[in-house]
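Structure assessment
So the chains spell out like this:
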Amino acid sequence: MCGIFGVHGAPDAAELVHLGLYSLQHRGQESAGIVAVDQNGTAQAHRGMGLISEALTSGVLEQLRGDLAIGHTRYSTAGSSTIENAQPVLVRFRGGYIALAHNGNIVNATELRRDLEAQGSIFNSTMDSEVLVHRMARSQAERPEDRLTDALRGVEGAYSLLVATGDTLMAARDPRGWRPLAIGTLGDTFVFASETCALDIVGATHLRDVQPGEIVIVDRQGLRSVQALEPLESRRCVFEYVYFARPDSRIFGGGSVDRARRALGRALGREQPAPTADLVFGVPDSANAAALGYAEETGLPLELALIRNHYVGRTFIQPSQQGRNHKVKVKYNAVREVLEGKSVVMIDDSIVRGTTTRGLVHLVRAAGAREVHMRIASPPVTGPCYYGIDTPSREELIAANLSVEEIARHIGVDSLGYLSLEGMLAAVPDGPHGFCHACFSGDYPTAPPTDPDKLRFGCGC
Ligand code: 5GP
Ligand code: SF4
Ligand code: MG
């Protein structure tokens, strides 16, 4: 997954982008970058590995001058976590420069890339996003939005994009609207962000979202829009509500992530009560809101039984399995005073590999819990995501290989209950229709990529 942020029309735009990226750090922690464009149309890029604070130091920002800038935070699959794959992409071609930041994943990138390579194109990275830049550079159209439309025709999959060329900034979303992308205003300045929490940090007002299939164009004349591609049946990623987005964001046309997670927790409480339990707690931070909802619904007292160390990155994001195992204890500790002798409900938003969960159950038992009832505020994840969330291959997904009872035994709980697919879709704002839920249901909106091995071509987001 990735976070994208763009600014048009503010002096020192890169500084605003830098600030905005901090609020999108949760969407990607492996690399970060900014491209800034000055009044003469000269584009400068800086990309680095790691957190924003590591990748973009203050000395760097001073060199990124201009009133147009776009930025990106990225996480990737193991193996493709290299500086070549850091974004934004910046290329120079006969028409000037193109800079692009992408959140999502292009499903037919392999075919598109093969076609380009057959015609002599050379690639710098293993990212699907680079294909888009090549296609734009080859377009014979005059207007930037027509070049982008040419590039996007025939592209299948998920993309929320920020593209800068000349003195123009464009924002686009795929025709199914898979990933969020918000437009904000700050005086005369236009701001674009994956999530509204990043508009808040720069003091921008949320104007509206970029619509599926739409290209929003900002240049010296102001903002305009074209419906570049016919919208398809809506497929907003439900996992954004379940796990990915920040609870202080509103996504997909104003849906509160906090409200969604509480509703998921309440639905879980109705579907999967735990009558013998004394208390409930969430696995911080991602399940806190769902645990609140569960407590509201069941009347169980909400406790803080696990403490998370905030100075360690997300376990899931560590590229190697070994790294992940060690990280559980580094990242969490249990509070004995809360747990000792108690029958507890432990809420999490999802189980992916089961590695973290198993480690956490062990911690909770070691701190004296008598019974552990695990409740999950989404259905079992049974398939990979091809649309930008870096869920692992089917072999590594615990629910693709074990039944609920087997998972319960594997993670060491007394009982395990998941929210149903219907329960999840009814709980999220503007549900139950128009969402992608393929990783839970197997109902993939596109054919799977011919080369799902993301290590070869990387995951653009
Ligand atoms: P597991 O037990 O599957 O190893 O880890 C479960 C935890 O991973 C949950 O707490 C959940 O919040 C988190 N998680 C679920 N999906 C993702 C994801 O795509 N990225 C990251 N970083 N964490 C995830
Ligand atoms: Fe979101 Fe799952 Fe669909 Fe991927 S497969 S876009 S994670 S709902
Ligand atoms: Mg979590």
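Residues numbered from 1 in each chain as written. Chains lettered and ligands numbered in written order. Predicted model: local features only at pLDDT ≥ 70, side-chain atom pairs only at ≥ 80, totals over all residues. Heavy atoms only, no water.

Comments concerning the packing of helix H9 (residues 257–271) against helix H10 (residues 288–298)
Closest axis-to-axis distance for the H9/H10 pair is 6 Å, and the angle between their directions is 45°. By the criterion of interaxial angle, the relationship of H9 to H10 is oblique. As for how H9 packs across H10, the hand of that crossing is right-handed. For the pair H9 and H10, the contacting residues are Asp 258, Arg 261, Arg 262, Gly 265, Arg 266, Leu 268, Gly 269 and Arg 270 in the first and Ala 289, Ala 290, Leu 292, Gly 293, Tyr 294, Glu 296, Glu 297 and Thr 298 in the second. Tallied by class, the residues present in the contact of H9 with H10 amount to 5 nonpolar, 4 polar and 7 charged. (Axes fitted to C-alpha atoms, helices over the stretch in contact; angles between N-to-C directions. Helix = DSSP H or I, 4+ residues; strand = E, 2+ residues; numbered from the N terminus. Parallel < 35°, antiparallel > 145°, perpendicular 65-115°, else oblique. Left-handed = near helix turned anticlockwise from the far one by under 90°. Contact = heavy atoms within 4.5 Å. Nonpolar A, V, L, I, M, F, W, Y, C, P; charged D, E, K, R; others polar.)

A few points about the side chain of Ser 129
Looking at the secondary structure, you find Ser 129 in helix H5 (residues 129–138). Judged by its relative accessible area of 0%, Ser 129 is buried. In terms of polar contacts, Ser 129 uses its side chain to reach the side chain of Gln 87, at 2.9 Å. (Buried < 20%, exposed > 50% of the residue type's maximum accessible area, 1.4 Å probe, protein only. Polar contact = N/O pair within 3.5 Å; in protein donor to acceptor, adjacent residues only side chain to side chain.)

Brief notes about the environment of Arg 262
Mapped onto the elements, Arg 262 comes out in helix H9. For the pair Arg 262 and Ala 287, spaced 25 residues apart in the sequence, the C-alpha separation amounts to 9.4 Å. Those residues in contact with Arg 262, other than ones at most four positions away along the chain, are Ala 289, Leu 292, Gly 293 and Glu 296.

Quick word on the domain arrangement of the protein
Split into domains, the protein comes out as domain 1 (3–235) and domain 2 (257–441). Of note, the centres of domain 1 and domain 2, computed from C-alpha atoms alone, are 33 Å apart. (Domains from an automatic or database assignment.)

Overview of the site of ligand 1
Around ligand 1 lies a shell of 18 residues, among which Tyr 243, Asp 348, Asp 349, Val 352 and Thr 357 are the nearest. Between ligand 1 and the protein, one listed contact pairs a nitrogen atom with a side-chain N or O atom of Tyr 243 at 2.6 Å. Between ligand 1 and Ser 286, the relevant distance is 3.0 Å, taken from an oxygen atom to a side-chain nitrogen or oxygen of the residue. Protein contacts shield 97% of the accessible area of ligand 1, which totals 520 Å² for the unbound molecule. Only helix H8 (238–244) and helix H13 (355–366) provide two or more residues apiece to the shell around ligand 1. Element by element, the count of residues in the shell around ligand 1 is highest for H13, at 3 residues. (Near = heavy atom within 4 Å. Areas by Shrake-Rupley, 256 points an atom, 1.4 Å probe, with all protein chains shown as cover.)

Considering the sheet that holds strand S20 (residues 343–348)
A sheet is described by the order of its strands in space; here 4 strands give the open sequence S17-S20-S21-S22, paired in parallel fashion. Of all strands in the sheet, those with a lone pairing partner are strand S17 (279–282) and strand S22 (415–418), marking the two edges. Direction aside, neighbouring strands of the sheet carry axes that sit 20° apart on average. In this structure, S20 lies alongside strand S21 (residues 371–376), joined through 6 bridges in parallel fashion. (Pairing = 2+ DSSP bridges.)

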